[in-house]
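Coordinate analysis (summary)
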Amino acid sequence: MAIALAIFSLIIVLLSAYGVFQPSVLTSFVRRFMAGLGLWVAVVARLILALLLWFSAPLSHTPVTFQVLAILALVAGIALPIIGVQRILKLLDWVASWRQLAIRLWCLLGVGFGGFLLWSIS
């Protein structure tokens, strides 16, 4: 489980870092991604993240934090289909209207989150 979570965390770091350097390209990618099965891929990714966090918690430096994050990921995975693609696209349009610096800073939080997961599971 820890190796799978480390790989997942590395993907989070790489995608977030891409957003730091190319925020408009990342928002365009997410918009295209949401067409078709993108919503369901995002749901499955969050559910997998929830499972990985929950079962990796005892192996981590921060087990309680991992359990809280697992619950949040589970809630997010359940909430996405309820929210729906149209509302997610409206949210994405709103984020895309932000200044580039704000998007970069938000993506930098994603880099920090992935880095925290990697550190905690090491």
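A brief report on the enclosed structure follows. (Residues numbered from 1 in each chain as written. Predicted model: local features only at pLDDT ≥ 70, side-chain atom pairs only at ≥ 80, totals over all residues. Heavy atoms only, no water.)

1. Quick word on the overall build of the protein
A count of helices and strands for the protein gives 6 helices and 0 strands. When the helices and strands of the protein are placed in sequence order, the string is α-α-α-α-α-α. A globule of 122 residues ought to have a C-alpha radius of gyration of about 14 Å, and the protein, at 15 Å, matches this closely. The principal-axis extents of the C-alpha atoms in the protein amount to approximately 40 × 30 × 20 Å. A total of 122 residues make up the protein; the buried ones form 34% of that total. Across the protein, every contact between residues at least 6 apart in sequence was considered, and the portion connecting residues at least 24 apart equals 80%. As displayed, the protein has an accessible area near 7600 Å², and 77% of this comes from carbon and sulfur atoms. (Helix = DSSP H or I, 4+ residues; strand = E, 2+ residues; numbered from the N terminus. Rg over C-alpha atoms; globule rule 2.2 N^0.38 Å. Buried < 20%, exposed > 50% of the residue type's maximum accessible area, 1.4 Å probe, protein only. Contact = heavy atoms within 4.5 Å. Areas by Shrake-Rupley, 256 points an atom, 1.4 Å probe, with all protein chains shown as cover.)

2. Re the nonpolar core
Note on soluble globular proteins: their nonpolar side chains tend to be buried together. With 13 residues, the main nonpolar core has Leu 5, Leu 49, Leu 53, Phe 66 and Leu 117 as its most contacted residues. At the level of secondary structure, the elements contributing two or more residues to this core comprise helix H1 (2–21), helix H3 (38–56), helix H4 (63–83) and helix H6 (100–121). Dropping the residues within four chain positions of it, Leu 117 is found in contact with Ser 9, Ile 12, Leu 53, Phe 66 and Leu 69. Listed in part, the 8 residues of the second largest apolar core include Met 34, Leu 80, Leu 89 and Leu 92. (Core = buried A, V, L, I, M, F, W, Y, C linked by side-chain atoms within 4.5 Å.)

3. Examining the side chain of Ser 9
Take Ser 9: it is sitting in helix H1. Setting aside anything within four residues of it in sequence, one finds Ser 9 in contact with Gly 114, Leu 117 and Leu 118.

4. Some thoughts on the pattern of salt bridges
Inspection of every chain in the model, using the stated rule, returns 1 salt bridge. Across the pair Asp 93 and Arg 31 runs a salt bridge, and its minimum N-O distance is 2.1 Å. Taken together, the positions of Asp 93 in helix H5 (residues 85–96) and Arg 31 in helix H2 (residues 23–34) put the pair 62 residues apart, joining distant regions of the chain. (Salt bridge = Lys/Arg side-chain N within 4 Å of Asp/Glu carboxyl O.)

5. Describing the side chain of Ser 16
Relative to the assigned elements, Ser 16 resides in helix H1. Residues in contact with Ser 16, not counting those within four places in the same chain, are Cys 107, Gly 110 and Val 111.

6. Re H6
When the terminal C-alpha atoms of H6 are compared, their 32 Å separation across 22 residues agrees well with the 32 Å that a helix rising 1.5 Å per residue should span. Within the sequence span of H6, burial applies to Ile 103, Cys 107, Gly 110, Gly 114, Leu 117, Ser 120 and Ile 121. One side of H6 carries all its buried residues, which in axial view fall inside an arc of 145°. Turned more than 90 degrees away from the buried face of H6 sit Leu 101 and Leu 109, all of them exposed. Next to the buried residues of H6 lie H1, H2, H3, H4 and H5. (Expected span 1.5 Å × (residues − 1). Arc of directions from axis to C-beta.)

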